[in-house]
Amino acid sequence: MSRKNMIGLLSVLALSVAVSTLHAATGRKFVPYYQFQFAESVAVPSKGDFFASGMLGTKFGGLYKLHDKLSLFAMYGLNYEGPGLARSEGRLFSERAIKHSFLFEPSLELGPGRLRTKLFYITEDRRSGTNEIWGKGLYDYDSLGFSVGYEKTIFDWSVFPYVRWMDMKFPNYTDLLREFEQGGLTAEIAGGQIDQILTAYGVALTKRPYIIEISYSLSDFDRESVVESNGVYGSNLQKDSTLDASLSGEVTLWRFVLMPKGAYRQKRSNQNYMRFAYFGDPAPVFVPKNYDFNEYSVGGQLHLKVTLTKSIFGSLDLNDRTYTDRPPRNASGDYLNGEKQHTLWGGWGAGLQWQVSQFSTWSLAYNFLYSASNMKFESFIPYNYTGHAVGLYFSVTP
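None of the values given here were measured: they were computed from a predicted structure.

### What to know about the nonpolar core
Stage number 1. Judged by nonpolar contacts, the single largest core of 14 residues is most densely connected at Leu103, Phe120, Tyr141, Met166, Met168, Phe170 and Ile194.
Stage number 2. For this core, the secondary-structure elements that each account for two or more residues are strand S3 (70-81), strand S5 (113-127), strand S7 (157-169) and strand S8 (196-207).
Stage number 3. With residues up to four places along the chain from it excluded, the contact list for Ile194 reads Tyr139, Phe170, Tyr173, Phe221 and Glu224.
Stage number 4. The next biggest cluster of nonpolar side chains, apart from the first, holds seven residues, and it includes Ala43, Phe51, Leu85 and Ala389.

Structure (structure tokens):
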């Protein structure tokens, strides 16, 4: 079944579930769920022309309580992300993405806690420029998975250990080295080169408004082999691991509301990198452990409530990534051995927020964004820039 047919079928099923549960709500306990987010802004980067940026996201579904111990939750989500300056390291301003997600979550009261299971399907298409066609992006993917966890209250904290499994397919992915080796004919259309199975183990601790989460994930690639120092793919398959830790909270003092957050990410991979300076380069550069990095993130918002429905806010977002082995490059593309690639990016801003109803909010904000890196080779991807963005944001969250 094609991706379009799969999306259409799941959309119809999600709508059918929503309609049937709404119809049955009179005789059962049913809680509908809906969320909508919209953003439109103008961005002016220090490199390149100004552009309009947009974001649109919506989720709808419902919680259906069959009886006192068993509940069912179903949800469909659609998210569009347009061009923007607020990118992670190594991404283009012009990138666009469309994501469809489908979630079905039965939960059962079991003993002193609650057993929660999830079945989900996600499909995402990406475009790095206006000349690309939707559905043909290099990093388009489909993901089918499930998770299971047990939630229990311990000392007023909700403790939720879980296991998640995902089968990720990248139907369009290929790489330049493989095209060199195979003549570029079959490799260019083969796709699926980085298909992988992801298994994650984690625990979430919640005591509103504080949330702490730690997870460790392993990615086993189906076909992607490790590049050896001789410039060819070896017999070992690529394996990645990622350690994530995050915390967030909210503190209120008089009219001030502080919402800080922090995160740490550690990625490790047995994959290496072979850099060709040009087509047919007889002496490519081998970079071992090219993808290993440590990353820290801090940020948050501070709101000053002017009235019951209006507030002034400031925001801060900082991200610091350092690669453990990858050296940076100079403007000519040559590696600077003895150094480690390091990038600091983020932004700060301020704005006005007003609540127009019990569940909907408008915001008008200005943000200054920047990225500073010792990576100076920027022929394709910007690493050093500043920018300004002014945007209007609207959200509906019951």
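### Section: the side chain of Ser107
Stage number 1. Mapped onto the elements of the fold, Ser107 is located in strand S4 (residues 96-110).
Stage number 2. In terms of polar contacts, Ser107 uses its side chain to reach the side chain of Arg114, at 3.2 Å.
Stage number 3. Those residues within four positions of Ser107 in sequence are excluded, and the remaining contacts are Lys69, Leu70, Ser71, Arg114, Leu115 and Arg116.

### Looking at unusual backbone geometry
Stage number 1. Note the cis peptide between Arg208 and Pro209, where omega equals 10°.
Stage number 2. The phi dihedral of Trp254 falls on the positive side, at around 60°, and the residue is not glycine.
Stage number 3. Among the structural elements, Trp254 can be located in the loop between strand S11 (251-253) and strand S12 (256-269).
Stage number 4. Take Trp254: its relative accessible area is 68%, and that puts it in the exposed class.
Stage number 5. Despite not being glycine, Lys289 has its phi angle at roughly 50°, a positive value.
Stage number 6. Along the polypeptide, Lys289 turns up in the loop between strand S14 (285-287) and strand S15 (293-305).
Stage number 7. For Lys289, a relative accessible area of 42% gives the class partly exposed.

### Observations concerning the pattern of salt bridges
Stage number 1. A complete count under the given rule lists 13 salt bridges for this structure.
Stage number 2. Across the pair Arg116 and Glu105 runs a salt bridge, and its minimum N-O distance is 3.7 Å. With a gap of 11 residues between them, Arg116 in strand S5 and Glu105 in strand S4 connect regions that are remote in the sequence.
Stage number 3. According to the relative accessible area criterion, Arg116 is partly exposed, its value standing at 25%.
Stage number 4. Of the residues examined, Glu105 reaches a relative accessible area of 11% and is grouped as buried.
Stage number 5. Asp220 serves as the salt-bridge partner of Lys239, at 3.0 Å between the closest nitrogen and oxygen. Here Lys239 is found in strand S10 (residues 233-248), whereas its partner Asp220 is found in strand S9 (residues 210-227), with 19 residues between them in sequence.

### Observations regarding the environment of Asn374
Stage number 1. Of note, Asn374 is situated in the loop between strand S18 (360-373) and strand S19 (385-396).
Stage number 2. Along the chain, Asn374 and His342 lie 32 residues apart, while their C-alpha atoms are 6.0 Å from each other.
Stage number 3. Once you skip the residues sitting within four places of it in the chain, Asn374 turns out to touch Pro328, Arg329, Glu339, Lys340, Gln341 and His342.

### Quick notes on the side chain of His303
Stage number 1. Its location among the elements puts His303 in strand S15.
Stage number 2. Of the residues examined, His303 reaches a relative accessible area of 7% and is grouped as buried.
Stage number 3. Of the polar contacts made by the side chain of His303, one reaches the side chain of Ser311; its length is 3.5 Å.
Stage number 4. Setting aside residues up to four positions removed in sequence, His303 forms contacts with Arg255, Phe256, Val257, Met259, Ser311, Ile312, Phe313 and Gln353.

### Describing the pairing of S9
Stage number 1. Strand direction decides the pairing type here: S8 and S9, joined by 12 bridges, are antiparallel. Looking at the pairing, Tyr201 lines up with Tyr216 of S9.
Stage number 2. In this structure, the hairpin formed by S8 and S9 is closed by a connection of two residues.
Stage number 3. Where S9 meets S10, 12 bridges bridge the pair, whose relative direction is antiparallel.

### A look at the packing of aromatic side chains
Each aromatic ring pair is specified by the distance between its two centres and by the angle formed by the two planes.
Stage number 1. By the definition in use, this model includes 19 aromatic pairs.
Stage number 2. Taking 5.6 Å as the distance between ring centres and 50° as the angle between the ring planes, the aromatic pair formed by Trp348 and Tyr370 counts as tilted. A residue pair is termed long-range when its members are at least 10 positions apart, and Trp348 in strand S17 (residues 342-355) and Tyr370 in strand S18 qualify at 22 residues.
Stage number 3. The exposure class of Trp348 is partly exposed, given its relative accessible area of 43%.
Stage number 4. Grouping aromatic residues by their ring pairs yields a cluster made of Phe60, Tyr76, Phe102 and Tyr121.

Reading the values: the criteria
- Residues numbered from 1 in each chain as written.
- Predicted model: local features only at pLDDT ≥ 70, side-chain atom pairs only at ≥ 80, totals over all residues.
- Heavy atoms only, no water.
- Core = buried A, V, L, I, M, F, W, Y, C linked by side-chain atoms within 4.5 Å.
- Buried < 20%, exposed > 50% of the residue type's maximum accessible area, 1.4 Å probe, protein only.
- Helix = DSSP H or I, 4+ residues; strand = E, 2+ residues; numbered from the N terminus.
- Contact = heavy atoms within 4.5 Å.
- Polar contact = N/O pair within 3.5 Å; in protein donor to acceptor, adjacent residues only side chain to side chain.
- Salt bridge = Lys/Arg side-chain N within 4 Å of Asp/Glu carboxyl O.
- Pairing = 2+ DSSP bridges.
- Phe/Tyr/Trp six-rings, centres within 6.5 Å; stacked < 30°, edge-to-face > 60°.

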